[in-house]
Amino acid sequence: MEYLLALALSAVFTVVFMYYKKNKTTFVKPAAVKKDELIQSYKDELLEILEANKQNKELQFQERIKFIKKVNYELSMNVFFDEVEAKDLIKELSGLGK
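Since this is a predicted model, take the numbers as computed values, not measurements. (Residues numbered from 1 in each chain as written. Predicted model: local features only at pLDDT ≥ 70, side-chain atom pairs only at ≥ 80, totals over all residues. Heavy atoms only, no water.)

What follows concerns helix 4 (residues 83-95). Over its 13 residues, helix 4 runs 19 Å from end to end, which matches the ideal 18 Å to within 8%, given 1.5 Å per residue. Within helix 4, the full set of buried residues consists of Ala86, Leu89, Ile90 and Leu93. For helix 4, the angular spread of buried residues about the axis comes to 100 degrees, placing them on one side. Exposed residues pointing more than 90 degrees away from the buried face of helix 4 are listed as Val84 and Lys91. Contacts made by the buried residues of helix 4 are with helix 2 (31-52) and helix 3 (57-77). (Helix = DSSP H or I, 4+ residues; strand = E, 2+ residues; numbered from the N terminus. Expected span 1.5 Å × (residues − 1). Buried < 20%, exposed > 50% of the residue type's maximum accessible area, 1.4 Å probe, protein only. Arc of directions from axis to C-beta. Contact = heavy atoms within 4.5 Å.)

Below, the structure written as structure tokens:
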């Protein structure tokens, strides 16, 4: 009897799970859109850092270096960017706001 109850509950949960999974629609962004959004978010974040530290040029420089190191690490782990694209983006970020 206990096995029958467990089997019935399992069947109900499976049916409910399959129903919700089938009705769930997911939107996947193309890789180019993801890359563009990521690049823009890096630019926006760097500009915010530069704006927040505009009074102290030395601190601004240190924060820029710290941010670029972080971006470099993240890009090295990102599947959307190859080595050349990552270097180009780092160069672009290095020249931003000067």
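Okay, back to it.
Between helix 2 and helix 3, the shortest axis-to-axis distance is 9 Å and the interhelical angle comes to 160 degrees. By the angle between their axes, helix 2 is roughly antiparallel relative to helix 3. Like other packed secondary-structure pairs, helix 2 and helix 3 cross with a definite hand, here right-handed. For the pair helix 2 and helix 3, contact is made by Tyr42, Glu45, Leu46, Ile49 and Leu50 and by Gln60, Glu63, Arg64, Phe67, Lys70, Val71, Glu74 and Leu75, respectively. Of the residues that constitute the contact of helix 2 with helix 3, the class distribution is seven nonpolar, one polar and five charged. (Axes fitted to C-alpha atoms, helices over the stretch in contact; angles between N-to-C directions. Parallel < 35°, antiparallel > 145°, perpendicular 65-115°, else oblique. Left-handed = near helix turned anticlockwise from the far one by under 90°. Nonpolar A, V, L, I, M, F, W, Y, C, P; charged D, E, K, R; others polar.)

Below, the discussion takes up the packing of helix 2 against helix 4. The geometry of helix 2 relative to helix 4 is characterised by a closest axis approach of 11 Å and an angle of 30 degrees between their N-to-C directions. By the angle class used here, helix 2 and helix 4 are roughly parallel. Helix 2 and helix 4 meet at a crossing whose hand is right-handed. On the side of helix 2, the interface is formed by Lys35, Ile39, Tyr42, Lys43 and Leu46, while helix 4 contributes Glu85, Leu89, Glu92 and Leu93. When grouped by side-chain class, the residues that make up the contact of helix 2 with helix 4 number five nonpolar, no polar and four charged.

Purely spatial values, then, with no claim about function.
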